[in-house]
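Take a look at the letters that make up each chain.
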Amino acid sequence: MAGPVSRADMPCAAVYVDELVYEQLLAVAHRSGGQECCGLLLGRAPDRVEEIMISRNIAEEPERHFEILPQDLIAAEKEMRRGGRLLLGYYHSHPVGEAVPSPTDAVLSAGDGRIWAIIAGATVRLWRNEPGGTLHDMFTEITCHVGVPASDET
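Because the structure is a prediction, the values reported are computed rather than measured.

**Some words on the side chain of His 92**
Turning to step 1, where the next piece is worked out: Secondary-structure assignment places His 92 in strand S5 (residues 86–93).
Turning to step 2, where the next piece is worked out: Here His 94 takes part through its side chain, which lies 3.0 Å from a polar atom of the side chain of His 92.
Turning to step 3, where the next piece is worked out: Setting aside chain neighbours within four positions, we find His 92 in contact with Glu 36, Cys 37, Cys 38, Phe 66, Asp 105, Trp 116, Ala 117, Ile 118 and Ile 119.

**So, the nonpolar core**
The nonpolar side chains of soluble globular proteins are, as a tendency, buried together.
Turning to step 1, where the next piece is worked out: Within the largest apolar cluster, 38 residues are counted, with the highest numbers of intra-cluster contacts made by Leu 41, Tyr 91, Ile 119, Val 124 and Leu 126.
Turning to step 2, where the next piece is worked out: Where this core is concerned, the elements lending two or more residues are strand S1 (14–17), helix H1 (19–31), strand S2 (38–43), helix H2 (70–81), S5, strand S6 (115–120), strand S7 (123–129) and strand S8 (139–146).
Turning to step 3, where the next piece is worked out: Those residues within four positions of Leu 126 in sequence are excluded, and the remaining contacts are Val 15, Val 17, Ile 115, Trp 116, Ala 117, Thr 140, Glu 141, Ile 142 and Cys 144.

**Quick notes on H1**
Turning to step 1, where the next piece is worked out: Counted at 1.5 Å a residue, the expected span for H1 with its 13 residues is 18 Å, and the 18 Å between its end C-alpha atoms agrees.
Turning to step 2, where the next piece is worked out: All of the buried residues in H1 are Val 21, Tyr 22, Leu 25, Leu 26, Val 28 and Ala 29. Buried residues along H1 cover an arc of 165° about the axis, so they all sit on one side. Projecting away from the buried face of H1 at angles above 90 degrees are the exposed residues Glu 19, Leu 20, His 30 and Arg 31.
Turning to step 3, where the next piece is worked out: N-capping of H1 is provided by Asp 18, with a side-chain oxygen placed 2.9 Å from the backbone N of Leu 20.
Turning to step 4, where the next piece is worked out: Gly 33 sits one or two positions beyond H1 and adopts a positive phi of about 60°.

**Structural notes on the layout of surface pockets**
Turning to step 1, where the next piece is worked out: The volume enclosed by the largest pocket comes to roughly 580 Å³.
Turning to step 2, where the next piece is worked out: What lines the largest pocket is a set of 26 residues, among which Glu 36, Phe 66, Asp 105, Leu 108 and Trp 116 lie closest to the centre.
Turning to step 3, where the next piece is worked out: Considering each element in turn, the lining of the largest pocket owes the most residues, three residues, to helix H3 (residues 103–108).
Turning to step 4, where the next piece is worked out: Its residues placed into classes, the lining of the largest pocket shows 11 nonpolar, eight polar and seven charged.

**Description of the sheet that holds S2**
Turning to step 1, where the next piece is worked out: Reading across the sheet, the eight strands line up as S3-S1-S8-S7-S6-S5-S2-S4 and stay open at both edges, with mixed pairing between neighbours. Bordering the open sheet on either side are strand S3 (48–49) and strand S4 (51–55), each of which pairs with just one other strand.
Turning to step 2, where the next piece is worked out: Taken together, the four bridges between S1 and S8 define a ladder with parallel strand orientation. Looking at the pairing, Tyr 16 lines up with His 145 of S8.
Turning to step 3, where the next piece is worked out: Along the sheet, H1 contacts S1, S3, S4, S5, S6, S7 and S8; its crossing angle with S4, the most-contacted strand, is approximately 20°.
Turning to step 4, where the next piece is worked out: H2 rests against S2, S4 and S5 of the sheet, and its axis sits at about 155° to S5.

**Looking at unusual backbone geometry**
Turning to step 1, where the next piece is worked out: Its identity as a non-glycine residue notwithstanding, His 136 has a phi of 55°, on the positive side.
Turning to step 2, where the next piece is worked out: If you trace the backbone, His 136 turns up in the loop between S7 and S8.
Turning to step 3, where the next piece is worked out: Of note in the backbone geometry, Asp 137 takes a positive phi value of approximately 60° without being a glycine.
Turning to step 4, where the next piece is worked out: Turning to its location among the elements, Asp 137 is positioned in the loop between S7 and S8.

**Here we look at the environment of Val 124**
Turning to step 1, where the next piece is worked out: Its location among the elements puts Val 124 in strand S7.
Turning to step 2, where the next piece is worked out: Each C-alpha atom, one on Val 124 and one on Val 15, is 12 Å from the other, the two residues being 109 residues apart in sequence.
Turning to step 3, where the next piece is worked out: Apart from the residues lying within four places of it in its own chain, the contact partners of Val 124 are Tyr 22, Leu 25, Leu 26, Ala 117, Ile 118 and Ile 119.

Reading the values: rules and limits
Residues numbered from 1 in each chain as written. Predicted model: local features only at pLDDT ≥ 70, side-chain atom pairs only at ≥ 80, totals over all residues. Heavy atoms only, no water. Helix = DSSP H or I, 4+ residues; strand = E, 2+ residues; numbered from the N terminus. Polar contact = N/O pair within 3.5 Å; in protein donor to acceptor, adjacent residues only side chain to side chain. Contact = heavy atoms within 4.5 Å. Core = buried A, V, L, I, M, F, W, Y, C linked by side-chain atoms within 4.5 Å. Buried < 20%, exposed > 50% of the residue type's maximum accessible area, 1.4 Å probe, protein only. Expected span 1.5 Å × (residues − 1). Arc of directions from axis to C-beta. 1 Å grid on protein atoms, 1.4 Å probe; cavity = no way out; pocket = protein on both sides within 12 Å on 5 of 7 lines; lining within 4 Å. Points joined across faces, edges and corners; volume = space filled by probe spheres on them. Nonpolar A, V, L, I, M, F, W, Y, C, P; charged D, E, K, R; others polar. Pairing = 2+ DSSP bridges. Axes fitted to C-alpha atoms, helices over the stretch in contact; angles between N-to-C directions.

The quantities given are spatial measurements derived from coordinates; they are silent on function.
So this is what it looks like as structure tokens:
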């Protein structure tokens, strides 16, 4: 049985990030100090990040890399298959540097079409992880709107 749409078949050029989620991403990154924080981006529509799932960074060098706890990924995939929230993508921070995927991010990425939110300082930028992207041949920047679409404000 086919599960919900969740990967490269969701080619949104712009994504809305709930204002509280945006603030939460900044706060989680700030609290992580000199280590990269990481987790999952969740929502009910492919163009709306409505929640995050904070994960433990299990990378051997968490100050330079991130690795999401596999159990968190499995739980999110299972929930999505049962008709729950979509696993839209992943987030991590760059404690030193910019909110731009690194060459290491490109090498270690799955190329699965999901969103990557990268946090650096007071900035969150969104990227689509896909082969042939404009950066490192694996990432294309996505416009990030903080809040909800105007059509939802009524």
